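# Understanding the architecture of this molecule
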Amino acid sequence: MRPASEEGRVNDEAIALYRALVADDTSAALAAVQRCIATGVSRSEVFESVIVPALSALGEAWAQRRVSEDVLACSGVAVDQVMAFAAPPDVAPDTGIVVVVGTAEGDAHASFPTIVGSALSLAGHRVVDLGCEVPDVAFLKASDESGAAAVVVCASTDAAATHLPRIARLLARSRTGEARLIAAGAAFAADPGPVAACGATLARDAAAVSAIVTPSAGTALVEEPS
Amino acid sequence: VTPAHHWQAVREALAEGRTDVAAAAADGVLGSATTDPEELTAAAFVMLTSHACAEAAELATRAIREDFGCVPAYVVLGSAYDRLGGAYDRSLLVWSELIELAPKLGVARVLHGESLRAAGLPGEARGEWKRAVPLPGGERARWDLALLELAQEGLVAGLAALRGAASPDRAEDRLFVRALAESGPLASGVEKGSRKITNGDALAATEAARRELDQRPDDVGALALAGQALLQCGSDSEALAASLRALTLKPGYAPALVVAGSAFTRRPGLAGHAVATFEGLVRALPSASTAHVLLAEALLSAGRYPEALTAAARAVAADPGDARARSVLAFALLVADRHVEAWWHVSRGADHELVAGGVIWDLLEQRQVAS
């Protein structure tokens, strides 16, 4: 719960934003939002506690004809500007975590590693996409070169899934030796036995891969190689 | 009953759920020596709806032999080969001939694209779907293109294509009108204005809302109506202002949730707020397929893929004929690496389009009018 003084300040900024929207003063509108963010209020809370009440008040004023259609229309420009500050970006900030993704030999399906790679990118990770039909040793090479925190081996066919133990053995010889092996895709989901046997982690879908790779709160991020 | 009218009787029997009567009529045609292409096509279609694909193909082939210009017979024949499986060479040939015959038939290009994708020719499928989009009956291609974009380019491009596919869809307008009708008694001006929303006349709807608000500035129905009309005009911020005012006056008011949620989805970074809004909408209108679809789309944008899959599955359960719901479910299934199920839902969407959409009957009627 916010202290009363902070609650009051946020309310004041909501009023300031409303006045700025009515006056078609974009810089004053931005200043109101920036003041809130500067005091440590989260973007989400700025949206909920400042922008939403200000827009609601604007709607009320328009409904009561206290502001004209023109003022309502012009306020759209300022709203666009403040939204850019209050809304978090679609792509999460860079985590610095490098993840190697590819489909093992024996599987020419490229769509799943593409989807997994893009889900990881959206979560802010740096993805090394090896594509499909990747030779076993290429996973090790890419992992060593990039300093990867995780290697995701995708397989939608049994033929590709049989490569996992060899890839695990190769990664164990890695120079960095820190990459976590993740097995993803329909073939591993259907038969998870070999996944556990070679010390890999099973991820049934793109969301699960992202959840495994993303550090929990408080976990230190992988440092960038110097 | 003359042959020309016979298929009308079959159509009525199917529409009334008397599938036994329709199937008996189709059986009769299969064993007869009739040469009427319409009657043969209608019987082939009944066989197709009964999953008797080989018989459907036989009857449709007979119809085409009688009249090489019988467009609906090609649609049935191509669909029958697609459903038989392992007959892509034949179905692709049928679709190609049909497109030569009726180049502006959108549904033919969509189905041709789906056959090309299934045959492992995604590049050609993409081209065919792009040609289908502007044609009448080719709307479903937008969703197919979004799925292909996801499979080939990944989530960022796929989600952008999904949003692009949803933008010309009028389902939100229909959902808004339904939510308004179910939310209690309405002022007569608001009721009239909601009809304008259905017709896509945003200006008239805004004027109706304005007149109502001049009388009662706190009328939540009029505020929501103004919001939806402003949204139709592309004035997202103004729509948000009107809908948020309505939600301040009446929290959880379903029509305003439709407007606010739709406005949130149009802005980057507000997917989380869209999810919260559409969750409220789903609670208010649990039987509305589009409400679940909107929630699923917002969940996908927010990166909450497993929950999106559940919401999309609920949308399909609420309305199995909703092509958008099927496509969003297919999208979520592709993210979960469940390709077979994903494309199965796409083909079920095509089946519903053919059966419930009445494509075959419309084409038969067009032939009758032309003759």
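Refer to the structure above for everything that follows.
Residues numbered from 1 in each chain as written. Chains lettered and ligands numbered in written order. Predicted model: local features only at pLDDT ≥ 70, side-chain atom pairs only at ≥ 80, totals over all residues. Heavy atoms only, no water.

### Some words on the overall build of chain A
Scanning chain A from terminus to terminus reveals 11 helices and five strands. Sorting the 226 residues of chain A into buried and exposed places 46% on the buried side. Here chain A has roughly 10,300 Å² of accessible surface; of this, 55% comes from carbon and sulfur atoms. (Helix = DSSP H or I, 4+ residues; strand = E, 2+ residues; numbered from the N terminus. Buried < 20%, exposed > 50% of the residue type's maximum accessible area, 1.4 Å probe, protein only. Areas by Shrake-Rupley, 256 points an atom, 1.4 Å probe, with all protein chains shown as cover.)

### Here's the deal with the environment of Ala189 of chain A
All names here are of chain A. Mapped onto the elements of the fold, Ala189 is located in helix H9 (residues 186-190). Residue classification places Ala189 among the partly exposed positions, given a relative accessible area of 24%. Each residue touching Ala189, except ones within four places of it in the same chain, is listed here: Leu202 and Arg204. (Contact = heavy atoms within 4.5 Å.)

### Topic: the interface of chain B and chain A
A common way to state how big an interface is: give the accessible area lost once the parts meet. If you look at the interface, chain B gives 36 residues, while chain A gives 37 residues. Carbon and sulfur atoms supply 65% of the area that chain B and chain A bury against each other, a total of about 3,000 Å² over both sides. Of all residues in chain B, Arg210, Arg245 and Asp337 of chain B give up the largest surface area on contact with chain A, accounting jointly for 19% of the area buried on that side. Across the contact surface, chain B and chain A share four salt bridges. (Buried area = accessible area lost by both parts, 1.4 Å probe. Salt bridge = Lys/Arg side-chain N within 4 Å of Asp/Glu carboxyl O.)

### Considerations on the nonpolar core
With 130 residues, the main nonpolar core has Leu17 and Leu55 of chain A together with Leu155 and Leu281 of chain B as its most contacted residues. Once residues lying within four places of it in the same chain are set aside, the contact partners of Leu55 of chain A are Leu21, Val79 and Met83 of chain A together with Ser237, Leu240, Ala241 and Leu244 of chain B. Counting residues in hydrophobic clusters, the runner-up holds 48 residues, among them Ala26, Met47, Val75 and Leu363 of chain B. (Core = buried A, V, L, I, M, F, W, Y, C linked by side-chain atoms within 4.5 Å.)

### Observations concerning the packing of aromatic side chains
For the structure shown, the criterion picks out two aromatic pairs over all chains. Judged by centre distance (5.6 Å) and plane angle (65°), the ring pair of Phe47 of chain A and Phe264 of chain B falls under edge-to-face. Linking Phe47 of chain A in helix H3 (residues 43-63) with Phe264 of chain B in helix H16 (residues 254-265), this pair reaches from one chain into another. Note on accessibility: Phe47 of chain A and Phe264 of chain B belong to one class, buried. Ring plane angle 85° and centroid distance 5.4 Å describe the contact between Phe45 of chain B and Trp361 of chain B, whose orientation is recorded as edge-to-face. In this pair, Phe45 of chain B sits in helix H3 (residues 37-49) while Trp361 of chain B sits in helix H22 (residues 359-370), placing the two residues 316 residues apart along the sequence. Residue class for Phe45 of chain B comes out buried when judged on its relative accessible area of 1%. Directly above the aromatic system of Trp343 of chain B lies the positively charged group of Arg117 of chain B, at a separation of 3.7 Å from the ring centroid. The ring of Trp62 of chain A carries Arg210 of chain B above its face, with NZ or CZ at 4.8 Å from the centroid. (Phe/Tyr/Trp six-rings, centres within 6.5 Å; stacked < 30°, edge-to-face > 60°. Lys NZ or Arg CZ within 6 Å of the ring centre and 35° of its normal.)

### Let's talk about the pairing of strand E3 (residues 150-154) of chain A
Residues and elements named next belong to chain A. Along E3, five of the five residues are buried, which leaves the element largely enclosed by surrounding structure. Across the two faces of E3 the burial is the same, with Ala150, Val152 and Cys154 and Val151 and Val153 all buried. As defined by bridge partners, strand E1 (residues 98-103) adjoins E3 across five bridges and the pair is classed as parallel. Looking across to E3, one finds that Thr103 is bridged to Cys154. Here E3 pairs with strand E4 (residues 180-184) via five bridges, running parallel. (Pairing = 2+ DSSP bridges.)

### Section: the sheet that holds E3 of chain A
Sheet strands line up and pair through hydrogen bonds in the backbone, either parallel or antiparallel. Residues and elements named next belong to chain A. Taken together, the five strands give an open sheet; going across it, the order is E2-E1-E3-E4-E5, and neighbouring strands pair in parallel fashion. Each edge of the sheet is formed by a strand with only one pairing partner; in this case those strands are strand E2 (126-129) and strand E5 (201-203). Neighbour to neighbour, the strand axes of the sheet diverge by 25° on average, direction disregarded. Here helix H6 (residues 136-146) sits on the sheet and contacts E1, E2 and E3; the angle it forms with E1, its principal contact strand, is near 165°. Helix H8 (residues 164-172) contacts E3 and E4 of the sheet and is inclined by roughly 165° relative to E4. (Axes fitted to C-alpha atoms, helices over the stretch in contact; angles between N-to-C directions.)

### Looking at the side chain of Ser56 of chain A
With respect to the helices and strands, the residue Ser56 of chain A is situated in helix H3. There is a polar contact of 2.7 Å between the side chain of Ser56 of chain A and the side chain of Thr248 of chain B. Residues in contact with Ser56 of chain A, not counting those within four places in the same chain, are Ala241, Leu244, Arg245 and Thr248 of chain B. (Polar contact = N/O pair within 3.5 Å; in protein donor to acceptor, adjacent residues only side chain to side chain.)

### A word on the state of the cysteines
Evaluated as defined, the whole model comprises zero disulfides over all chains. Of all cysteine sulfurs in the structure, the one in Cys74 of chain A sits closest to Cys233 of chain B, which takes part in no disulfide; the separation is 16 Å. Its relative accessible area of 45% is what places Cys233 of chain B among the partly exposed residues. (Disulfide = S-S within 2.5 Å.)

### Let's talk about the environment of Val293 of chain B
Within the secondary structure, Val293 of chain B is located in helix H18 (residues 289-301). Apart from residues lying up to four places away in sequence, Val293 of chain B is in contact with Ala315, Asp322, Arg324, Ala325 and Val328 of chain B.

### Here we look at a positive patch on the surface
Residue and element names in this part refer to chain B. A surface patch of like charges, here positive, comprises Lys192, Arg195, Lys196 and Arg211. Ranked by residue count, the leading element in the positive patch is helix H12 (residues 188-199), at three residues. Checked against the element boundaries, Lys196 lands in helix H12. (Patch = residues over 30% accessible without salt bridge, like charges linked within 9 Å, V, L, I, M, F, W, Y side chains within 5 Å. Lys, Arg positive; Asp, Glu negative; His and termini not counted. Charge placed at Lys NZ, Arg CZ, Asp CG, Glu CD.)

### Side note on the pairing of E2 of chain A
All names here are of chain A. Sheet topology places E1 next to E2; four bridges connect them, and they run parallel. Paired with Val100 across the strands is Val128, a residue of E2. Handedness of the E1-helix H5 (residues 111-122)-E2 crossover: right-handed. (Right-handed = clockwise from strand over helix to strand, strands pointing away.)

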